[in-house]
Amino acid sequence: RAVERTGIIGDHSTRDESTMVWIENMSTAVGIHRGQLEGRKLVFEGENSDVMTGNKHHWSKSVIEFGDAGQVYKGYAKDARGNEFLNMEMIATRK
């Protein structure tokens, strides 16, 4: 079956921080990531459970780039040696 995910972002203006919560149909786990605005990017880091590997402390980073034509979402993970790699990219354009 296809993976369906939903992300919700909230801004904590008094703490200069944002929170992103991910839920999906492949797991009952909820991913919670904290981040900050860096120029025209929101950068989040956090841990969640990885249902594919069984890893209960799977690190990930999400970057949302805001541009005039739309948004780019990039998801990053780490391999077994701890090297960060791009594992997902979604592009949303304005009509």
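For the structure itself, look to the data block above.
Residues numbered from 1 in each chain as written. Predicted model: local features only at pLDDT ≥ 70, side-chain atom pairs only at ≥ 80, totals over all residues. Heavy atoms only, no water.

*Asks:* Could you give an account of the pattern of salt bridges, naming the residues involved and the relevant values?
*Replies:* For the structure shown, the criterion picks out six salt bridges. Ionic pairing is found between Arg5 and Glu24, a salt bridge with its closest N-O pair at 3.0 Å. Within this pair, whereas Arg5 is found in strand 1 (residues 5–12), its partner Glu24 is found in strand 2 (residues 17–24), the two being separated by 19 residues in sequence. Of the residues examined, Arg5 reaches a relative accessible area of 43% and is grouped as partly exposed. What makes Glu24 partly exposed here is its relative accessible area of 25%. Among the ionic pairs, Lys61 bridges to Glu84, the shortest N-O distance being 3.0 Å. One end of the pair, Lys61, is in strand 5 (residues 58–66); the other, Glu84, is in strand 7 (residues 84–93), and 23 residues separate them in sequence. Sharing partners across several salt bridges, the network here consists of Glu65, Lys74 and Glu89. (Salt bridge = Lys/Arg side-chain N within 4 Å of Asp/Glu carboxyl O. Helix = DSSP H or I, 4+ residues; strand = E, 2+ residues; numbered from the N terminus. Buried < 20%, exposed > 50% of the residue type's maximum accessible area, 1.4 Å probe, protein only.)

*Asks:* Kindly report on the environment of Asp11, identifying the contributing residues and their values.
*Replies:* Locating Asp11 in the fold gives a position in strand 1. Overall, Asp11 belongs to the exposed group, its relative accessible area being 59%. As for Asp11 and Gly35, which are separated by 24 residues in sequence, their C-alpha atoms are 9.5 Å apart. Setting aside residues up to four positions removed in sequence, Asp11 forms contacts with Glu17 and Ser18. (Contact = heavy atoms within 4.5 Å.)

Such coordinate-based values are descriptive only and should not be taken to indicate function.
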